[in-house]
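Structural description and commentary
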Amino acid sequence: MRTQERTEEQRAWDIASTVCDPEIPVLTIEDLGILRGVRVLPTQAADQPDGGASSTAVEVTITPTYSGCPAMDAIGDDLRTAFAKEGYASVHINLVLSPAWTTDWMTESGKAKLEEYGIAPPSGMAAAGGHSGPVRLSLAVKCPQCNSLNTKELTRFGSTSCKALFVCQDCKEPFDYFKVL
Ligand SMILES: [Zn+2]
């Protein structure tokens, strides 16, 4: 019995982890680290005696990224679609705001995909050093085109509030930088 449950949860996790971030379509919600948990809810056998897998419900726990990112509705819709396609009856989205998401939760493969996509991944650890507050640690941001560290911030707010717009002073290409949080 335990083994079956584990398998079902694993399967549900795999389905949830195929959902991509609407703003950065190369990253899944697992890559971003906002997918925190997937739980298969106990089936109410009385409701659907012949329901089988179709009566299975799941609860997906998500910690959203920056509060300014209006992506949560889209992610919720995509999760419902993904689970419906696999025959699940319903998806309950559980939003957990605390502890707050940080870029440290982004996976290494997620950062690599981000860079390939042309967005400089967050550099440095948000949690390290305790430099919270207005003092911002200036780490060199690497140009995703030519790898130069000779880059300059143009504006703190790029195409979305998650990103800052940078320009490379060597290859002159502007690029987005996914800010450390
Ligand atoms: Zn460059």
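Structural data are supplied above this passage.
Here is a short report on the structure shown in this document. Just so we're clear, the structure is a prediction, and the values are computed from it rather than from any experiment.

In this section: helix α4 (residues 108-117). Among all positions of α4, only Gly110, Lys111 and Leu114 are buried. Buried residues of α4 fall within an arc of 100 degrees about the axis and therefore sit on the same side. Summarising the geometry of α4, the exposed residues directed more than 90 degrees from the buried face are Glu108 and Glu116. Looking at the buried residues of α4, the elements they touch are α2 (29-32), β4 (119-120) and β7 (174-178). Within two residues after α4, glycine 118 carries a phi angle of roughly 100 degrees, on the positive side.

Moving on, we get to the coordination of the zinc ion. Looking at the zinc ion, the protein donor atoms are Cys143 (SG), Cys146 (SG), Cys168 (SG) and Cys171 (SG), and they sit 2.2 to 2.3 Å from it. For the zinc ion, the 4 donor atoms in the first shell make angles of 103 to 118 degrees at the metal, a pattern classed as tetrahedral. Spacing between the donor residues of the zinc ion along their common chain follows C-x2-C-x21-C-x2-C. Placement of cysteine 143 in the loop between β4 and β5 (151-155) and of cysteine 171 in the loop between β6 (163-168) and β7 is noted, with a sequence separation of 28 residues between them.

Conventions we followed
Residues numbered from 1 in each chain as written. Predicted model: local features only at pLDDT ≥ 70, side-chain atom pairs only at ≥ 80, totals over all residues. Heavy atoms only, no water. Buried < 20%, exposed > 50% of the residue type's maximum accessible area, 1.4 Å probe, protein only. Helix = DSSP H or I, 4+ residues; strand = E, 2+ residues; numbered from the N terminus. Arc of directions from axis to C-beta. Contact = heavy atoms within 4.5 Å. Donors = N, O, S within 2.8 Å, 3.2 Å for Na, K, Ca; no water. Tetrahedral: all angles 85-135°; square planar, octahedral: opposite > 155°, others 65-115°.

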